[in-house]
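# Structural description and commentary
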Amino acid sequence: MWLLVPVAFAGKLLSAFGKQLSSLWGSLLPLLLWLRAAFWLAGTHTGQRRQGRKDAQGTRQEEEGSSDELLTPTSVNYHFTRQCNYKCGFCFHTAKTSFVLPLDEAKKGLLMLKEAGMEKINFSGGEPFIHERGEYLGKLVKFCKEELCLPSVSIVSNGSLIRERWFKSYGEYLDILAISCDSFEEQVNVLIGRGQGKINHVENLQKLRKWCSDYKVAFKINSVINRFNVEEDMKEQIQALSPVRWKVFQCLIIEGENSGENALREAERFLISDEEFERFLERHREVSCLVPESNQKMKDSYLILDEYMRFLNCRNGRKEPSKSILDVGVEEAIKFSGFDEKMFLKRGGKYMWSKADLKLDW
């Protein structure tokens, strides 16, 4: 109703001043009516509701204007734990809970995703090797490859907790191992928060590269470009390691995770401009395996599943969870994921992701 106030107010002006304002009113009326219609349309396209997951505390907000178009969860990122042994200052999936689903429930959810069309699963965290020293993760990897027969099973890890015995037990079921490395200068890694005691992050990266080759796992590197590494030249080191892909992300702010009230990190000091990110990409244009992802490409182009198997909608700059797929099914939950399938395809989200297809020279 407040939108009618400008109209009423203008009417009173006409009564007070008479004919001398009639021409002014005639010109203002179409504008006021247009504004009223615009605000009304905006209001009808914005809806929010809060719903608790029975096993989780907190609330969620549904995606604005959720689409009736049926989405297929072709590639899913399952962050089954939020716990981590590193303290990266820009982390946007922080240790807000210690919850991990029982293995059988996690397998049930993964089966549901496969039946809904999932082709690729990526396990992440937190640090996925922290829970049960990687055994829980290994059992999920084996289940997805051996029983679900997924074309691609991958992991993103900081690499510090991986041991060769894990490769011996589960390497054959893993297609891609992505290791997070933001700098080849150890002091920069420590500054960022990728430091733990005597472990040298760069030296460990080289050891993991060898194990991937020995156990026939495709090797990938993820780097977050931020204030402390934006001027670094990584060409020589990346080309020597020869990953199948080098994903280069622009440091991203997510409210409630690394910025704002109740956040466990304050990432503002790590932020870089779009121009700085572009200059970093230009410096590394000769690296053929480089896959860049700006904030615009990254934010809504991932299907993210949290530790309760809820899709996380990042469209409003924060993570708003759906109901769990274990409670309402994949088709219902994914409606509120905020997933931008067109951007997923535009950023090259679907690629040759099975090691059988990559035909690597081990």
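The preceding data block contains the structure.
Quick look at the structure, then.

Quick notes on the rules
Residues numbered from 1 in each chain as written. Predicted model: local features only at pLDDT ≥ 70, side-chain atom pairs only at ≥ 80, totals over all residues. Heavy atoms only, no water. Core = buried A, V, L, I, M, F, W, Y, C linked by side-chain atoms within 4.5 Å. Buried < 20%, exposed > 50% of the residue type's maximum accessible area, 1.4 Å probe, protein only. Helix = DSSP H or I, 4+ residues; strand = E, 2+ residues; numbered from the N terminus. Disulfide = S-S within 2.5 Å. Salt bridge = Lys/Arg side-chain N within 4 Å of Asp/Glu carboxyl O.

What follows is about the nonpolar core. Counting 66 residues, the largest nonpolar core has Tyr 78, Leu 110, Ile 121, Phe 123 and Trp 246 as the members making the most contacts within it. Ranked by the residues each element gives to this core, the list is headed by helix α4 (residues 135-147), at 6 residues. In this structure, Cys 251, Leu 252, Phe 270 and Leu 312 belong to the second largest nonpolar core, which totals 17 residues.

Counting across every chain of the model gives 0 disulfides. Here Cys 84 is not cross-linked by a disulfide; its sulfur's nearest cysteine counterpart is in Cys 88, at 6.3 Å. Assessed through its relative accessible area of 33%, Cys 84 is described here as partly exposed.

With that settled, consider the environment of Glu 236. With respect to the secondary-structure elements, Glu 236 resides in helix α8 (residues 235-241). Judged by relative accessible area, which is 65%, Glu 236 ranks as exposed. Along the backbone, Glu 236 and Val 287 are 51 residues apart, and their C-alpha atoms lie at a distance of 9.1 Å.

Oppositely charged side chains can pair when the atoms bearing their charge come close. Under the defined criterion, the tally for this structure stands at 14 salt bridges. A salt bridge links Lys 210 to Asp 214, with the shortest nitrogen-to-oxygen separation between them at 2.8 Å. Within this pair, Lys 210 and its partner Asp 214 are both found in helix α7 (residues 201-214), separated by 4 residues, close to a single helical turn. A salt bridge links Glu 332 to Lys 335, with the shortest nitrogen-to-oxygen separation between them at 3.2 Å. A relative accessible area of 33% means that Glu 332 is categorised as partly exposed. When salt bridges with common partners are traced through the structure, they connect Arg 82, Glu 257 and Glu 307 into a single cluster.

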